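Commentary on secondary and tertiary structure
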Amino acid sequence: MGVVMKTTLGEARVKAWRHSHAGDLSRTLTAYCQILSAVPFDFQTRLRIADILARGGQAGPAAEVYQAVARHHILSGHPLPAIVACTALARLGDDPGPLLDHMAEMYGAGSPRLARFGARPAPLAADTVLAELDLEYPDDFEVVAQEARARAVDFSKSPPFPEQLQPLPFLSELPPGPFRAVVETVQVWRLTDGELVAREGDPGDALYLLAAGEARVFIKDGTGERTVARLHENTLFGEMALATGEPRKASVAAVHEADVIAVSRHALQRITEQLPIVRDVLDRFTRQRLIKNLMQTSPLFAPFSRAQQSDLLRRFEGHEVEAEVGVIEQGAPGVGLFVVLSGALEVVAQAAGTSRGAPVVLARLGSGDVFGEMSLLSSQPSAPTNAAVRTVARSTLLFLARSHFDELMATVPDLRSYFETLAANRARDNSTKLGSQPLPEQGSAADVLL
C-alpha cells in the first residue's frame, strides 16, 4: 500500500520534472499519471507523457498521444500546445498536415469560430491543491507506459468545447493559407529549468509565444539578477525588440519546464517574399503593439482615459520614414508634434554665427520619444525650430498637426506643464552640448527642437 498525501499541482509537476531530469522514466510517467488522475484536463501533463513515451522508445504510443492532444486542443481553444504536438509528431516521422489544415481553418482570419473575446479555460494555478495521490511507483516501464498512454488519450472527463475561440496574436489576422505557412516555419523549444529564451542585450531577432509552462523575466543590476515578471501560458513576448530592432531589455528563462514557440525575423522575411499579405499583417500588428506600449508608458497619454487615448490616437498620422531622411529642417516653422514608434533618429544643430563644420548632435531618439513640441510652445504660430531631426534608421513616426496640439495644450493643463518642463531641461542640455556657443537667434532657447 502506498503512502497517501496531499500536494499542489506545482509540487507534483516539480516532482515529475526531477524524476525526468534524473532519467527515471517509470517514476516520471507514474507522477504524470497521478496528476491526470487528479486534474484530467491538464494538457501540459499529456504532452509530457508523450515526450517520455518517445524518450523511452515508445514511438507509436507517443505519436498516438500527440495526435490526440493536438486534435483536442485545436477544438478546446489551446492552439499553441497543439502546434507543439504537431512539431513533435513531425519529429517522429508522422505527417501533421491534416491537423495544421484544421487549425488554420479554425483560427485563421474569417473563421466563424473566432470571436473578439473568445472563451478559453484558464490554466490551473500552480498552488491548486490536488486530490490525494498514491505515491507508490512500479518499476516496470512497459506497464507504466501502457497506463500512461491510456490516460493521456482519454478526454472523457474534459470540459465541453467552447462555441467561440480566442484569436491568436498576429496569426489569426492571416487567412488560412498564410496562417499555415507561418506556423510551418516556427521553431518549438522544449526548455528545462534555467534555459534561456532571450538574453538581455542581444539583438531582437524573434518574437515568442509561451505555449505551456512558466518563464521568468529578469534583469541584471548592481545587486545581481532581479526578477521583474513571470510569464504563463498564451503570453506573447519579445515583439517590441523585434519591431524596433533594439537590443533585448531583459532576459527570459524557463522555470522547471516550458514550451516556447519562436517566430524568427528571418523566417518572416522569407515568407513575406512569397506572401506579401504576411508583411502587411505583420506591419499592422507590430504598429498596434507599439502604440499599445506607447499609451501605457508615455507621459503624453497619462492624463487621458482609455477612450480619450483612442480618440487622441485617431488624430495622429502614421508615417514610415527611410534611413538618412530629414524630418525637420533647422530654421523651418514648427508644424506639429512627432512621436517615435520605432527606429532611430538624431537631433543636430548648427550654433549661431557658424556656417561651417559639422553640426553638433544634441540627442538620439528612439521608441517612445517625442519631438517637435518646443517651437509649438512659442506664442508665435510660425516660430522657427533651432535644430534639425533626421533618421539614422528606418523609423515609424506618429504626427499630430499643430492645430490639434494647440487644442490639447488649451484643454489639458497637465500636458502643458509636462512639455514646458521638458523644454527647459532639453534647452539646458543642448546649451551644454554646444559648448556654451549660442543657438540661432530665431526664437528663444526653450524653442530648440527636441
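The model shown is predicted, which means the values in this text are computed figures rather than measured ones. (Residues numbered from 1 in each chain as written. Predicted model: local features only at pLDDT ≥ 70, side-chain atom pairs only at ≥ 80, totals over all residues. Heavy atoms only, no water.)

**Re the overall build of the protein**
- Helices and strands together make up the secondary structure of the protein, namely 15 helices and 14 strands.
- Taking as baseline every contact in the protein between residues at least 6 positions apart, the subset at least 24 positions apart corresponds to 78%. (Helix = DSSP H or I, 4+ residues; strand = E, 2+ residues; numbered from the N terminus. Contact = heavy atoms within 4.5 Å.)

**Some remarks on the pattern of salt bridges**
- One pass over the full model with this rule turns up 25 salt bridges.
- A salt bridge links Glu322 to Arg394; the shortest N-O distance between them is 3.0 Å. Taken together, the positions of Glu322 in the loop between strand S9 (317-321) and strand S10 (326-328) and Arg394 in strand S14 (residues 388-401) put the pair 72 residues apart, joining distant regions of the chain.
- Classification of Glu322 as partly exposed rests on a relative accessible area of 46%.
- Salt-bridge contacts for Arg390 lead to Glu346; the nearest nitrogen and oxygen are separated by 2.4 Å. One end of the pair, Arg390, is in strand S14; the other, Glu346, is in strand S11 (residues 336-349), and 44 residues separate them in sequence.
- Take Arg390: its relative accessible area is 34%, and that puts it in the partly exposed class.
- Glu346 sits in the buried class, given a relative accessible area of 6%. (Salt bridge = Lys/Arg side-chain N within 4 Å of Asp/Glu carboxyl O. Buried < 20%, exposed > 50% of the residue type's maximum accessible area, 1.4 Å probe, protein only.)

**As for the confidence of the model for the protein**
- Taken residue by residue, the protein gives an average pLDDT of 83. The fraction at 70 or more is 87%.
- In the model of the protein, strand S1 (residues 4-5) stands out as the element of lowest mean pLDDT, 53, in contrast to helix H6 (residues 97-107), which has the highest, 97. (pLDDT = per-residue confidence, 0-100.)

**What to know about helix H12 (residues 306-313)**
- All buried positions along H12 are accounted for by Gln309, Leu312 and Leu313. Angular distribution of buried residues about the axis of H12 spans 100 degrees; they occupy a single face of the element. (Arc of directions from axis to C-beta.)

**As for the packing of aromatic side chains**
- Inspection of the entire model under this criterion finds six aromatic pairs.
- Their ring planes at 5 degrees and their centres at 4.8 Å tell us that Phe338 and Phe371 sit as a pair that is stacked. Highlighted residues: Phe338 in strand S11 and Phe371 in strand S13 (residues 370-371), separated in sequence by 33 residues. One exposure class covers both Phe338 and Phe371, and it is buried.
- A ring pair is formed by Phe338 and Phe399, whose centres lie 4.9 Å apart and whose planes are at 45 degrees; its orientation type is tilted. In this pair, Phe338 sits in strand S11 while Phe399 sits in strand S14, placing the two residues 61 residues apart along the sequence. (Phe/Tyr/Trp six-rings, centres within 6.5 Å; stacked < 30°, edge-to-face > 60°.)

**Structural notes on the side chain of Thr7**
- Its place among the elements puts Thr7 in the loop between S1 and helix H1 (9-21).
- Relative accessible area serves as the criterion here: at 12%, Thr7 is assigned to the buried category.
- At a separation of 2.7 Å, a polar atom in the side chain of Thr7 contacts the side chain of Glu11. (Polar contact = N/O pair within 3.5 Å; in protein donor to acceptor, adjacent residues only side chain to side chain.)

**Details of H1**
- The end-to-end C-alpha separation of H1 is 18 Å, in line with the 18 Å expected for 13 residues at 1.5 Å each.
- Among the residues of H1, those classed as buried are Leu9, Gly10, Ala12, Val14, Ala16, Trp17, His19 and Ser20.
- Gly23 occupies a position one or two residues after H1 and carries a positive phi of about 85 degrees. (Expected span 1.5 Å × (residues − 1).)

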